[in-house]
Amino acid sequence: MEKKYSNLTKEELINKLIYLEEKLNNESQRDEETYISSFSLIFDYFPYPVIYLDTDFNIIYYNALFNDFSTLIYKVFPKRGENLKNLFENEKIEYKKENINKALLGEVVNVFETNVINNKKYYFQKIFIPHINNHGTISGILVTIIDITENETINQLSLEKINITEKLLNSLNCMIFTIDWDTKKFLYSNEYFNFVNGDVENKYYNEIFENDDLNLLKYEEEDIPYMSFDVDSNKFYSKELFITKYNRWFQAIYKPFRWLDGNLAVNILLFDINKYQEQSENSSRLLEELKNLLDTQTKTYQKLKEDFKLEKKAREDAEIELRLAKEQLTLNLKRERELSKLKSHILDNLSHEINTPLTIIT
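Residues numbered from 1 in each chain as written. Predicted model: local features only at pLDDT ≥ 70, side-chain atom pairs only at ≥ 80, totals over all residues. Heavy atoms only, no water.

Another point: the nonpolar core. With 22 residues, the main nonpolar core has Phe177, Phe193, Phe209, Leu214, Tyr254 and Leu270 as its most contacted residues. Elements with a minimum of two residues in this core: strand E6 (175-180), helix H7 (205-208), strand E8 (237-243), strand E9 (248-258) and strand E10 (264-272). In this view, phenylalanine 177 contacts Phe186, Tyr188, Ser189, Phe193, Phe209, Leu214, Val266, Asn267, Ile268 and Leu270; residues no more than four positions away in its chain are not counted. Ranked by size, the runner-up nonpolar core spans 20 residues in total, among them Phe66, Tyr74, Ile117 and Ile145. (Core = buried A, V, L, I, M, F, W, Y, C linked by side-chain atoms within 4.5 Å. Buried < 20%, exposed > 50% of the residue type's maximum accessible area, 1.4 Å probe, protein only. Helix = DSSP H or I, 4+ residues; strand = E, 2+ residues; numbered from the N terminus. Contact = heavy atoms within 4.5 Å.)

Take a look at the structure:
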């Protein structure tokens, strides 16, 4: 006879449990109905589906949640006294028997199952717990079923995010790795870093960077502030450095962080900027050459400008002399004309004066 205790108060439940416990302790009154009542009292309030089996795999008790679970997952209605093989699908009987046999030997067994209902996956954890009676022998198996679909979905999403992140890190054309700050051991490295340096699993920083190119060993002497950052912030430290191991220039980005256990670590990204550094050096050299050429041209222009000034002054002086000479020549010509005119006048007068007496004499 199945009993329901869902309407009992807390005190009534406690009193009922004490009564059943006393009844179970009394050997003369021990019977199946007492066991069932005890399980009903406890597991009708249990938040998970529960089924109790005897050592022959027969169903002694199950709660309402298990009834719903069996109906939804296995499409069958459980019955007390029914054997396990009539409840589960044939292909699942053997492994369930194996788990029950382990529980009959006193072992607590955890099993994780996946079921698909309406194209949706459901994940369950089944716990097989041996039930030991007052004589110290195992009289049955208690099976508890926990729905872990939500947790498993979160785990799946987390794994997908991790896989996507790892694929992204491996697709980048830069070296990325993580080093434990105390031991200086490599905790992670992407494929590009492994391709350049070989597999660094279980290796230490000084095995790869013997010259401490990244200043992780003597960073305090170099006055590098990246480990002084608040590890819980988004701050990072960036620096251009020449790594002798690769004989190239890199942009190094340091990001310290703290694990959940409190240990410090640092993420490091190395971007190859050697090409840009060479371009920068070439640009600087070209700029210096252009500057020198400009200086030379400026000096040449200044000399030409000075020469032009001297030439202009000489031309102006020549023009002044020419103008003065022209004016002097004009003046001389005027005087010559005046003299010539005066000479002609004198000669005319003289001729007249001479001719007149001669005429008279004649």
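A separate point is the sheet that holds strand E1 (residues 50-54). Read from one edge to the other, the open sheet built from 5 strands follows the order E2-E1-E5-E4-E3, with strand pairing classed as antiparallel. In this open sheet, the two strands that pair with only one neighbour each are strand E2 (59-62) and strand E3 (109-117). Put simply, the sheet's adjacent strands are angled 25° from each other on average, direction ignored. Where helix H5 (residues 149-171) meets the sheet, it contacts strand E4 (120-132) and strand E5 (138-147), and its direction lies at approximately 125° from that of E4. (Pairing = 2+ DSSP bridges. Axes fitted to C-alpha atoms, helices over the stretch in contact; angles between N-to-C directions.)

In this section: the pattern of salt bridges. All chains considered together, the criterion is met by 5 salt bridges. A salt bridge links glutamate 113 to lysine 126, with the nearest nitrogen and oxygen atoms 3.0 Å apart. In this pair, glutamate 113 is assigned in strand E3 and lysine 126 in strand E4, connecting sequence segments 13 residues apart. You can call lysine 126 buried: its relative accessible area is 2%. Its salt-bridge partner being lysine 313, residue aspartate 317 comes within 3.4 Å of it at the nearest N-O pair. Within this pair, aspartate 317 and its partner lysine 313 are both found in helix H8 (residues 274-361), separated by 4 residues, close to a single helical turn. (Salt bridge = Lys/Arg side-chain N within 4 Å of Asp/Glu carboxyl O.)

It is worth spelling out the sheet that holds E6 at this point. One open sheet accounts for 5 strands, arranged E7-E6-E10-E9-E8; its pairing is antiparallel. Edge positions in the open sheet fall to strand E7 (186-189) and E8, since each of these has one partner strand only. On average, each strand axis in the sheet is inclined to that of its neighbour by 25°, with strand direction left out of account. Pairing analysis gives 6 bridges linking E6 to E10, with the strands arranged antiparallel. Bridging across to E10, isoleucine 176 finds its partner in leucine 269.

So, on to the packing of aromatic side chains. Taken as a whole, this structure holds 14 aromatic pairs when the rule is applied. The interplanar angle of 50° and the centroid separation of 6.2 Å between the aromatic rings of tyrosine 62 and phenylalanine 66 together place this pair among those described as tilted. Neither residue differs from the other here; tyrosine 62 and phenylalanine 66 are each classed as buried. Ring pairing ties together the aromatic residues Phe177, Phe186, Phe193, Tyr205, Phe209, Tyr246 and Phe250, which thus form one cluster. If you follow lysine 184 out to its NZ or CZ, it ends over the ring of tryptophan 181, 4.1 Å from the centre. (Phe/Tyr/Trp six-rings, centres within 6.5 Å; stacked < 30°, edge-to-face > 60°. Lys NZ or Arg CZ within 6 Å of the ring centre and 35° of its normal.)

The buried fraction of E5 amounts to 7 of the 10 residues, a majority that puts the element mostly inside the structure. In terms of strand pairing, E1 meets E5 through 5 bridges, oriented antiparallel. Bridge pairing links aspartate 54 to glycine 140 in E5. Looking at chain direction, E4 and E5 are connected through 9 bridges and run antiparallel. Pairing of phenylalanine 128 across the sheet is with valine 143, part of E5.

So, about the pairing of E8. As paired elements, E8 and E9 share 7 bridges and run antiparallel to each other. Within the sheet, the bridge partner assigned to lysine 239 lies in E9 and is alanine 252.

Just distances and angles here, no functional claims.
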